[in-house]
Every structure is written in structure tokens, then in C-alpha cells.
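So you can see what is in the structure, the chains are spelled out below.
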Amino acid sequence: MFILPSLANARDLGGNIMPDGRRIKSGLLLRGGDLSCASAEDLATMSQKYHVAKVFDFRTSMEVRRAPDLEVEGARNIWLPAFNEDNQTMAAMSLPQDAYLDLPHWLAAHASDPMVQRVASHLYTDMVIEEFTQIQYAGFLQNIVNTEDGAVYWHCSQGKDRTGIGAAFLLAALGADRELIMKDYELSNVFYRKDVEEGYASVSTQEEREVILTFLGVNSRYFAAALDLIDHTYGSMHNFLTGPLLLSDEDMKALQDRYLE
């Protein structure tokens with residue numbers, strides 16, 4: 001399931017079966033955590049086995065400076081920050097940057113804060129309707145449309161939230177239904193199970209547990225709410241892809257022809 005041992009939550013979308021029976025080709029669409037601690041062996045695997053052509057980084061500038069990616073030989077690095085750091089309204093919807101220096105301990109102390117609980121519950125819904133974020137994911141998808149050879153790897157820090165949203169949009173463009181999109185998203189809880197269980201031990205209420213699950217794992221209920229918001233606001237995921245995310249039906253056919261078998 002997890003393909004690169006030194007990288008957090010790294011896995012291949014290959015093998016997933018679309019509703020029409022076609023299967024995603026293996027070794028081409030890779031997702032995971034950042035490359036700052038990648039081993040020499042995993043970097044070589046990305047270059048020599050998967051022939052990664054592009055690495056997409058959804059992190060903020062502060063995250064990139066704190067933990068810069070190691071280079072994958074032959075790959076082009078593309079920075080597409082999912083959060084607009086100049087937007088003070090959006091910044092208020094996020095945890096403070098210092099929280100991520102020791103996230104489990106920070107959450108243990110702050111999970112009871114109503115503001116933190118609001119950030120958790122609105123994490124995905126705020127992202128899918130934020131124009132800046134939509135533009136970044138539109139760039140991500142168009143770059144994949146324009147990648148004719150080699151694999152792609154996309155990541156944030158933990159390889160679960162911003163990375164998971166990118167995977168959801170790409171899977172939808174390939175023809176996936178909600179069941180498959182949710183299945184891929186929820187696999188992050190397999191990788192982060194121990195972190196979530198340890199986080200639960202530090203809190204007592206259901207509201208606090210929701211915060212722990214959101215930031216140390218992934219929260220299916222909150223993610224489903226974002227998918228519901230897309231349907232409610234745009235009518236369907238297809239309308240969202242062809243509207244704010246700027247994909248044409250021809251683009252989606254090109255993706256399906258390239259990545260499905």
C-alpha cells in the first residue's frame with residue numbers, strides 16, 4: 001500500500017478501479033508527504049523506477065523554508081501553495097504556524113478551544129470555495145494534462161489534506177465516484193492510526209476528538225461536507241472541474257486515455 005518507506009503516507013493511485021471497470025495504471029500517479037527527509041534509496045526509486053517527471057508542492061512558503069524538498073533527479077519541482085498567505089481572512093482559518101513545530105502537544109493543549117474546533121470543521125469547506133486555492137489546483141491538474149511521459153508526485157507536509165484534495169480532484173477527472181474518492185482519502189488514517197490513537201488519549205470530549213482526527217489523521221465527515229458543498233454550490237463535481245478548476249471535457253478524456261487501462 002505504502003510505496004516509499006522514508007516518505008509519510010506515500011502511495012500509488014494505481015490499481016483503483018473506476019465505475020466503468022477501467023483501472024488506473026500503476027506507477028504514474030503518486031501522492032505522499034514532503035521530500036525533506038527522503039532517503040537516497042527512495043529518491044533513486046522515484047527517479048529510476050517511477051521516472052517522476054514533476055513534483056508538486058502544496059505547502060506554504062514557511063513550510064518550504066523549514067523543510068525544503070530534496071531533489072528527484074530528472075524531475076521538475078512546481079510550487080503551488082494551497083493557502084494564500086497574503087489573505088488575512090484565510091490565515092485566520094488556519095492553525096498558527098508554530099503549532100506545526102510539535103503538533104500533537106499543541107493540539108493536546110488547544111483542542112478544547114472553540115476557534116480551533118471551527119478551523120478543523122471548516123478546513124476542507126473553506127479550501128474548496130477559496131478562489132486562490134481553486135487556481136492552484138487548476139494549475140496542478142493542467143500540469144498533469146500536459147505531462148506526457150513519466151510519473152507525477154504531489155505532496156504537502158503530511159500527505160493527507162492538501163494532497164488528499166488534489167487526489168480527489170484528479171480521481172474525479174478520471175471518472176471516480178464518491179465511494180472511490182473517499183476510499184483513497186481514508187487510507188491516510190491507516191498510515192496515521194498510531195498518531196490519532198495517541199492524540200485521543202490526551203483529550204476527553206467528542207469535539208476534541210474531531211480536532212485530533214482532523215489534524216493528526218483525516219476526518220471523513222468534514223471531507224464529505226466539502227464534497228457536499230461542491231455539489232450544492234456548483235451542481236456537481238463535473239461542473240466544479242470544468243468551472244473553477246478549468247478542465248475541459250477533452251482534458252478529462254486525455255487524462256483517462258493516458259492513465260486508465
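Before reading further, recall that the structure is shown in the block above.
Presented here is a report on the structure given in the accompanying data block. Model, not experiment: these values are computed from the prediction. (Residues numbered from 1 in each chain as written. Predicted model: local features only at pLDDT ≥ 70, side-chain atom pairs only at ≥ 80, totals over all residues. Heavy atoms only, no water.)

**Considerations on the overall build of the chain**
A count of helical and extended segments in the chain gives 14 helices and five strands. Computed over C-alpha atoms, the radius of gyration of the chain comes to 18 Å, within 12% of the 18 Å expected from 2.2 N^0.38 for 261 residues, which places it in the range of a compact globule. Each of the three principal axes of the chain carries a C-alpha extent, and together these read 50 × 45 × 35 Å. Looking at the 261 residues of the chain, the share that counts as buried comes to 51%. Counting contacts in the chain only where the partners sit at least 6 residues apart, residues at least 24 apart contribute 71% of the total. As displayed, the chain offers around 11,600 Å² of accessible surface, 52% of which is attributable to carbon and sulfur atoms. One finds the centroid of the 22 positive side-chain charges in the chain at a distance of 4 Å from the centroid of its 38 negative side-chain charges. (Helix = DSSP H or I, 4+ residues; strand = E, 2+ residues; numbered from the N terminus. Rg over C-alpha atoms; globule rule 2.2 N^0.38 Å. Buried < 20%, exposed > 50% of the residue type's maximum accessible area, 1.4 Å probe, protein only. Contact = heavy atoms within 4.5 Å. Areas by Shrake-Rupley, 256 points an atom, 1.4 Å probe, with all protein chains shown as cover. Lys, Arg positive; Asp, Glu negative; His and termini not counted. Charge placed at Lys NZ, Arg CZ, Asp CG, Glu CD.)

**Some points on a nonpolar patch on the surface**
Together, Met1, Phe2, Val190 and Phe191 make up a nonpolar patch on the protein surface, roughly 350 Å² of accessible area in all. Within the fold, Met1 resides in the segment before β1 (11-12). Overall, the relative accessible area of 59% leaves Met1 in the exposed class. (Patch = residues over 30% accessible without salt bridge, like charges linked within 9 Å, V, L, I, M, F, W, Y side chains within 5 Å. Salt bridge = Lys/Arg side-chain N within 4 Å of Asp/Glu carboxyl O.)

**Quick word on the side chain of Asn84**
Structurally, Asn84 can be placed in the loop between β4 (76-79) and α3 (88-91). For Asn84, the side chain forms a polar contact with the main-chain nitrogen of Asp86, separated by 3.1 Å. (Polar contact = N/O pair within 3.5 Å; in protein donor to acceptor, adjacent residues only side chain to side chain.)

**Thoughts on the sheet that holds strand β5 (residues 151-155)**
Strand order across the open sheet formed by five strands is β1-β2-β5-β3-β4, with mixed pairing between neighbours. Two strands close off the open sheet at either side, each with one partner strand: β1 and β4. Pairing between strand β3 (residues 52-57) and β5: five bridges, direction parallel. Counted as the bridge partner of Asp57 is His155 from β5. Contacting β3, β4 and β5, helix α6 (residues 131-145) runs over the sheet at an angle of about 180° to β3. (Pairing = 2+ DSSP bridges. Axes fitted to C-alpha atoms, helices over the stretch in contact; angles between N-to-C directions.)

**Focus: unusual backbone geometry**
One non-glycine residue, His51, lies in the positive phi region at around 55°. Position of His51 relative to the elements: it lies in the loop between α1 (40-49) and β3. The phi angle at Leu246 is positive, at roughly 65°, despite the residue not being glycine. Examined against the element boundaries, Leu246 turns out to sit in the loop between α13 (237-242) and α14 (249-259). Taking relative accessible area as the criterion, Leu246 reaches 59% and is therefore assigned exposed.

**Describing the pattern of salt bridges**
On inspection of all chains with the given rule, the structure shows 13 salt bridges. Between Asp57 and Arg59 there is a salt bridge, with its nearest N and O atoms 2.9 Å apart. Grouping residues by exposure puts Asp57 and Arg59 together as buried. For Lys253, the salt bridge identified is with Asp257, shortest N-O distance 2.7 Å.

**Let's talk about helix α7 (residues 162-173)**
Since the α-helix packs 3.6 residues into each turn, any two residues three or four apart lie on the same face. A rise of 1.5 Å per residue sets the reference length of α7, with its twelve residues, at 16 Å; its end C-alpha atoms lie 17 Å apart and thus fit the reference within 8%. Within α7, twelve of the twelve residues are buried, which leaves the element mostly enclosed by the surrounding structure. Remark: Gly175 follows α7 within two positions and exhibits a positive phi of approximately 105°. (Expected span 1.5 Å × (residues − 1).)

**Details of the nonpolar core**
Residues Trp154, Phe169 and Leu241 are the most contacted members of the largest nonpolar core, which totals 68 residues. Per-element tally for this core: the top contributor is α7, with eight residues. When neighbours within four sequence positions are excluded, Trp154 is seen to be in contact with Leu13, Leu29, Leu30, Arg31, Gly32, Phe56, Phe58, Phe140, Thr163, Gly166, Ala167 and Leu170. Membership of the second largest hydrophobic core comes to 15 residues, among which are Leu4, Leu35, Ala38 and Ala75. (Core = buried A, V, L, I, M, F, W, Y, C linked by side-chain atoms within 4.5 Å.)

**Here's the deal with the pairing of strand β2 (residues 29-32)**
Of the two faces of β2, the one holding Leu29 and Arg31 and the one holding Leu30 and Gly32 are both buried throughout. In this sheet, β2 lies alongside β1 in antiparallel orientation, the contact comprising two bridges. For Asp12, the partnering residue across the bridge sits in β2 and is Leu30. Relative to β5, β2 runs parallel, the two sharing four bridges. Looking at β5, one finds that Arg31 is bridged to Trp154.

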